[in-house]
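# Architecture at a glance
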Amino acid sequence: MGIFFLTKPSGSKSWIEEHPEIGKITFARSKRSKTLKLFVKPFHGLLVKLPPGCSTKKALIFAKRNQNWIQQARGRAHEIEKLSRDFFHTHAEVPKPKIRRFLIQRLDSLAHQHDFVYAKVSIRNQKSRWGSCSTHNNISLNQNLYYLPPELLDYVLLHELAHTIRKDHSPAFWTILYNILGRDRTKQTRRDLKYFEFLFHRPPESG
């Protein structure tokens, strides 16, 4: 069970209610959903998804049964919100062309240095991933990588470049990174990267 979600929500009709024990809950009914599901996201709060035919009463019972998880998820979400506000309210917005140039130049440099070859690169505002590499070796990078410390940025770029050779996360894939960064540094960098999850969640303009 992830800290932010039991499952990822999709588009649906929604309404909001205030529960005396749980607090504000957004309910959403979706034809695609087959079971009741919960989702907690920074700056958005708790979402309960309902499958067709499920009553609000049943959804509330489900939410109450998962109050411990909701409390933990909200606590983590509040931490993310604070980190996000502190960061984005003290860092000026960087023009997207500058971000693109910087990330592509660094990717090219690492690819040349370590003999990786990729096809194309795109820079996007991804909501939950730092990057990805397609079966055709097209690399997609999150624009918020720009704000990471250099060693964490390089790790993500090398991670995606390694996927040009191995598409999975098998031992062979990790060996590629261990040979470049070392086993201990790779593992520590992966742990350090979790702190910067707040970059996926920019504060609302009014917040």
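Residues numbered from 1 in each chain as written. Predicted model: local features only at pLDDT ≥ 70, side-chain atom pairs only at ≥ 80, totals over all residues. Heavy atoms only, no water.

Let us now look at the confidence of the model for the protein chain. Note: predicted coordinates in regions of low pLDDT should not be interpreted at a detailed level. Confidence in the prediction of the protein chain, expressed as mean pLDDT, is 91, and 93% of residues score 70 or more. Taken together, the stretch residues 1-12 has pLDDT below 50 and engages in 37 contacts with residues farther than four places along the chain or on a different chain. (pLDDT = per-residue confidence, 0-100. Contact = heavy atoms within 4.5 Å.)

Let's shift gears to the sheet that holds strand S6 (residues 131-133). Here three strands make up an open sheet; going across it, the order is S5-S7-S6 and the pairing mixed. The open sheet has two edge strands, strand S5 (121-124) and S6, and neither has a second partner. Across this sheet, the average inter-strand angle for adjacent strands is 15°, counted without regard to direction. Strand direction decides the pairing type here: S5 and strand S7 (residues 139-142), joined by four bridges, are parallel. Note on S7: the bridge partner recorded for Ser122 is Ser140. Running at roughly 140° to S5, helix H3 (residues 96-113) makes contact with S5 and S7 of the sheet. (Pairing = 2+ DSSP bridges. Helix = DSSP H or I, 4+ residues; strand = E, 2+ residues; numbered from the N terminus. Axes fitted to C-alpha atoms, helices over the stretch in contact; angles between N-to-C directions.)

Moving on, we get to the sheet that holds strand S4 (residues 45-50). If you trace the four strands from one edge of the open sheet to the other, you get S1-S2-S4-S3, paired in mixed fashion. Pairing within the sheet leaves two strands with one partner each, and these edge strands are strand S1 (13-19) and strand S3 (37-41). For this sheet the average axis-to-axis angle between neighbouring strands, irrespective of direction, equals 25°. As paired elements, S3 and S4 share five bridges and run antiparallel to each other. Note on S4: the bridge partner recorded for Lys41 is Gly45. On top of the sheet, helix H2 (residues 67-88) reaches strand S2 (23-29), S3 and S4; it is set at about 20° to S3, its chief contact.

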